[in-house]
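So the chains spell out like this:
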Amino acid sequence: MDIKAILKKIADGKELSAEEKDFLSKYDPENGDGNRIPKSRLDEEISKHKAEKERADALDSQLQELQTRIEELESTGKSAEEKAKAAYDKEFNKLKKQVEDLTKERDAATASLAKSERTARVSTLASKHNFKDSSYLDFLAASKDVDLNDETAVTAFMKELGKSSPELFKSEAKPGGGTKNTGKQDSGAAARLEELLKKPELSSREAGEVIRLQGEVKSAEGGNQGDGKNQNQGE
């Protein structure tokens, strides 16, 4: 954690997170570690950031005053009609900026909603067809440009997937039915795990997927070893 970033938040009067507060409570300014700084340097940094903020606030106030004076000078000698037009243009630009900001917020909210709806739709689809990994199903559907709102296209996609990659689906065999675990049903998990591990960087979702897939592969390997032992004992 960067001590300078925490100091800047303190100087700016921002609330610290629980993690940052815990870090500060354990912070040792006397430690010669390259990641630490002395107490005197810490106080100096806080004072420096406070001064910078005060100066920025003062400059912003001066800028507002100058802007007001410029507008007053610009209106000097203008007719009532010209002044009214200038006031209108100023208010129009202000409202235009507000519309642009609200449009951005709306688009972001719409995109977030669409993402949530897609996630729910894919999860339902995976559950319906006993597909093991809904995140991977989403990836496959996106790579094939499948319209999830088109029932015919979705049905055809899942049928084709069932034929080409049956290992990606959960086994419907009942426990105790005597079906041997050959490990084939988990080859898809191993392939996906290998694909993720080759990436130079992973998102938080992909990192979670790696952990889950490692557990599946390990569990499958343990099951295969158990079957081998049982066969040897039977012989």
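These numbers come from a predicted model, not from an experiment. Numbering of residues starts from 1 in every chain and runs along the sequence as written. At least 70 in pLDDT is required for a residue's local features to be given in this predicted model, at least 80 for side-chain atom pairs to be given and counted, and no such filter applies to totals for whole chains, interfaces and linings, which use all residues. Values reported for side chains reflect all heavy atoms of the structure, with hydrogen atoms and water molecules removed beforehand.

Q: How do you make sense of a negative patch on the surface when you look at a structure like this?
A: A contiguous patch of negative charge, built from Asp145, Asp147, Asp150 and Glu151, is present on the exposed surface. What counts as a helix is a DSSP run of H or I of at least four residues, what counts as a strand is a run of E of at least two, and both are numbered from the N terminus. Looking at the secondary structure, you find Asp150 in the loop between helix H5 (134–143) and helix H6 (151–164). When accessible area is computed with a 1.4 Å probe and restricted to protein chains, residues below 20% of their type maximum are described as buried, those above 50% as exposed, and intermediate ones as partly exposed. The exposure class of Asp150 is partly exposed, given its relative accessible area of 32%. Here, patches come from residues exposed beyond 30% relative accessible area and free of salt bridges, joined within 9 Å for like charges and within 5 Å for nonpolar side chains (Val, Leu, Ile, Met, Phe, Trp, Tyr). What sets the accessible areas is the Shrake-Rupley method with a 1.4 Å probe; for residues, cover comes only from the shown protein chains. The working definition used for a salt bridge is a side-chain nitrogen of Lys or Arg within 4 Å of a carboxyl oxygen of Asp or Glu. Working convention for charge: Lys and Arg count positive, Asp and Glu count negative, and His plus the chain ends are omitted. One atom stands in for each charge, and that atom is NZ of Lys, CZ of Arg, CG of Asp or CD of Glu.

Q: Honestly, the nonpolar core in this entry has me stumped. Any pointers?
A: In a soluble, globular protein the nonpolar side chains are often hidden away together inside. Nonpolar cores are built from buried Ala, Val, Leu, Ile, Met, Phe, Trp, Tyr and Cys residues. Side-chain atoms within 4.5 Å join them into one set. Among the nonpolar cores identified, the biggest contains 16 residues, and Phe131, Leu137, Leu140, Phe157, Met158 and Leu161 are the most heavily contacted of them. Elements represented by at least two residues in this core include exactly helix H4 (80–128), H5 and H6. One finds Leu193, Val210, Leu213 and Val217 within the second-largest nonpolar core, a separate group that totals six residues.

Q: What is the right way to read the side chain of Arg192 from this model?
A: Tracing the sequence through the fold places Arg192 in helix H7 (residues 187–197). The term polar contact refers here to a pair of N or O atoms within 3.5 Å; inside protein, the definition further demands a hydrogen-donor-capable atom paired with an acceptor-capable atom, and it admits residues adjacent in sequence only when both atoms are side-chain atoms. A polar contact of 3.1 Å, which involves the side chain of Arg192, links it to the side chain of Glu195. The contact definition used throughout considers only heavy atoms, calling two residues in contact when any of these lie within 4.5 Å. Setting aside anything within four residues of it in sequence, one finds Arg192 in contact with Tyr136, Glu209 and Leu213.

Q: How do you make sense of H4 when you look at a structure like this?
A: Each turn of an α-helix holds 3.6 residues, which means side chains three or four residues apart point in the same direction. Given the number of residues in a helix, its expected span is that number minus one, multiplied by 1.5 Å. Compared with the 72 Å implied by 1.5 Å per residue over 49 residues, the 71 Å span of H4 between its first and last C-alpha is a close match. Inspection of H4 places Val122, Leu125 and Ala126 among the buried residues, and these make up the whole buried set. Those residues of H4 hidden inside the fold are in contact with H5 and H6.

Q: Explain the pattern of salt bridges to me, please; I cannot follow it from the model alone.
A: Should their charged atoms come close, side chains of opposite charge can pair. Tallying each qualifying case throughout the model produces seven salt bridges. Across the salt bridge formed by Asp101 and Lys97, the nearest N and O atoms sit 2.9 Å from each other. In this pair, Asp101 and Lys97 both sit in helix H4, four residues apart, roughly one turn of the helix. Among the ionic pairs, Glu194 bridges to Lys198, the shortest N-O distance being 3.5 Å. Using a relative accessible area of 65% as the deciding quantity, one classes Lys198 as exposed.

Q: What should I look at first to understand unusual backbone geometry in this one?
A: Only a minority of non-glycine residues have a phi that is not negative, and only a minority of peptide bonds are not trans. Phi is positive for Asn130, which is not a glycine, with a value near 60°. Within the secondary structure layout, Asn130 lies in the loop between H4 and H5. One non-glycine residue, Asp145, lies in the positive phi region at around 55°. With respect to the helices, strands and loops of the structure, Asp145 is situated in the loop between H5 and H6.

Q: Please clarify how the confidence of the model for the chain should be interpreted in this entry.
A: Caution is warranted with low-pLDDT regions, since their predicted coordinates should not be read in detail. The quantity called pLDDT is the predictor's confidence in a given residue, expressed from 0 to 100. Across the chain, the average pLDDT comes to 76, with 77% of residues at 70 or higher. Considering each helix and strand of the chain separately, the mean pLDDT is smallest for helix H8 (residues 204–234), with a value of 66, and largest for H6, with 91. Below pLDDT 50 for its whole length, residues 32–36 participates in five contacts with residues either more than four positions away or in separate chains. Every residue in residues 173–185 is under pLDDT 50, and counting partners more than four places away or in other chains gives eleven contacts.

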